[in-house]
Amino acid sequence: MRTTSERLLELLGLLQSRVAWTAPELAARLHVTERTVRNDVTRLRELGYPVDGVRGRSGHYRLGAGAKLPPLLLDDEEAVAVAVGLRTVTGVAGFEESGGRALTKLEHVLPDRLRRRIAALRDATEAGPANTDSNVEDPAVDASVLAEIADAIRDHRGLRAFYGAEQDRIEIEPYRLVAWQRRWFVVGRSPGTDSWAPYRVDWLTLRMPGGRSFRPSPQPDDLTELVVREVARTGWSVHARLVVDAPAEEVLARINPAVGVVESRPDGRCVLVTGGDSLEIVAVWIGMLGLDFTVESPAALVGHLRVLARRYADAVVGSAS
């Protein structure tokens, strides 16, 4: 037979698992009477846990917001999922230390059977090399900055910041955080120009206090698409402009929209505006296009492609002999 303490922990776990429970539902799950449920709710309140109760035909209990964090009760599958997720986030730039601390705390309190299961999962699996899609190191993002931006979005509060290498002063109304291509962007509206743009979070230095509160404006249809489009146009470290010997429709059919912007030309060809974190990455993307092209800019890309052309030509000659 379970002790009262065990039953209270189980009740607390049920209250954490979903928003609201009726007394009959809790009694059925705990295999006790509704009177015992009421008494156990009273005990939880005496221990400092804010259990709210609503009377009437639609009456229910729910765990409210309190002054302290209650013990987080997870079932076996949830605990394993959280541990695996924390191992993943420790590989994200900016979250290594905080993710590692949280994982250590979780593993310290896990029962032996779950600790052994997670260890078995860790020992039986491997992760591929990180950052295989770029030869440029991922930028670190301060988790506290992300949290501050998320608070501002929630509270409709403007952001004041220094931005970019030139540390330009900006003030924006933030609307959405978007994670894309190993980068974090905040999509915001400039109240001075009524223009929308994405801003790289790792290029932001927030100024305190923040900006003024604002009334939300109608948003563009797809803020994620806005990020993809604007980053392809202005947000890469290397920007390239190519004339492709094919109509725009053919190029659009071959590329992911995230790769760049395609503009038609009267002569049946098109212009592809693309970019990447380095000349090497841009060269790879262009090569995967599978079409003839001419580089208009930058000059550094022309030089890099000449080096690649000689290298590949030498490789072909060497294999033929």
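Up top is the structure these notes are about.
The numbers attached to residues start from 1 for each chain and follow its sequence in the written order. In keeping with the model being predicted, local features are shown solely for residues with a pLDDT of at least 70 and side-chain atom pairs are shown and tallied solely at 80 or more, while totals for entire chains, interfaces and linings include all residues. Only heavy atoms go into the side-chain values, all of them from the structure, while hydrogens and water stay out.

### So, the sheet that holds strand 10 (residues 270-276)
And then number 1: The sheet built from four strands is open, its strands ordered 9-10-8-11 with antiparallel pairing. The open sheet has two edge strands with one neighbour each: strand 9 (260-264) and strand 11 (293-297). Looking at each pair of strands side by side, their axes are set apart by 25° on average, direction ignored.
And then number 2: Bridge count for strand 8 (residues 238-244) against strand 10 is seven bridges, and the pairing is antiparallel. Bridging across to strand 10, leucine 242 finds its partner in leucine 272.
And then number 3: In the packing of helix 10 (residues 279-289) onto the sheet, the strands contacted are strand 8, strand 10 and strand 11, and the crossing angle to strand 10 comes to about 140°. At least two DSSP bridges between two strands are needed for those strands to be called paired. Helix and strand definitions follow DSSP, with helices as H or I runs of at least four residues and strands as E runs of at least two, each counted in order from the N terminus. Angles shown run from 0 to 180 degrees and are taken between the N-to-C directions of axes, each axis being a line fitted to C-alpha atoms and, for helices, limited to the stretch in contact. By the convention used here, residues are in contact when the closest approach between their heavy atoms is within 4.5 Å.

### Considerations on the side chain of glutamate 173
And then number 1: As for its position among the elements, glutamate 173 is in strand 4 (residues 168-180).
And then number 2: With relative accessibility at 10%, the residue glutamate 173 sits in the buried group.
And then number 3: For glutamate 173, the side chain forms a polar contact with the side chain of arginine 189, separated by 2.8 Å.
And then number 4: Apart from residues no more than four positions distant in its own chain, glutamate 173 is found in contact with Val187, Gly188, Arg189, Pro191, Phe214 and Ser217. For every residue, the accessible area (1.4 Å probe, protein chains only) is compared with the maximum for its type, and the residue is labelled buried under 20%, exposed over 50%, or partly exposed between those bounds. N or O atoms within 3.5 Å of each other form a polar contact, as long as, within protein, one can give a hydrogen and the other can take it, and as long as residues adjacent in sequence are counted only when both atoms are side-chain atoms.

### Side note on the pattern of salt bridges
And then number 1: For salt bridges, the criterion is a side-chain nitrogen of Lys or Arg within 4 Å of an Asp or Glu carboxyl oxygen. Following the criterion strictly, the structure yields 15 salt bridges and no others.
And then number 2: Between glutamate 296 and arginine 241 there is a salt bridge whose closest N-O contact spans 2.9 Å. Of the two residues, glutamate 296 is situated in strand 11 and arginine 241 in strand 8; the sequence distance between them amounts to 55 residues.
And then number 3: Residue glutamate 296 is classed as partly exposed on the basis of its relative accessible area of 45%.
And then number 4: The salt bridge partner of arginine 265 is aspartate 267, with a shortest N-O separation of 3.0 Å.
And then number 5: Given a relative accessible area of 44%, aspartate 267 falls into the partly exposed group.
And then number 6: What you see here is one network of salt bridges that share partners, running through Asp245, Arg265, Asp267 and Arg269.

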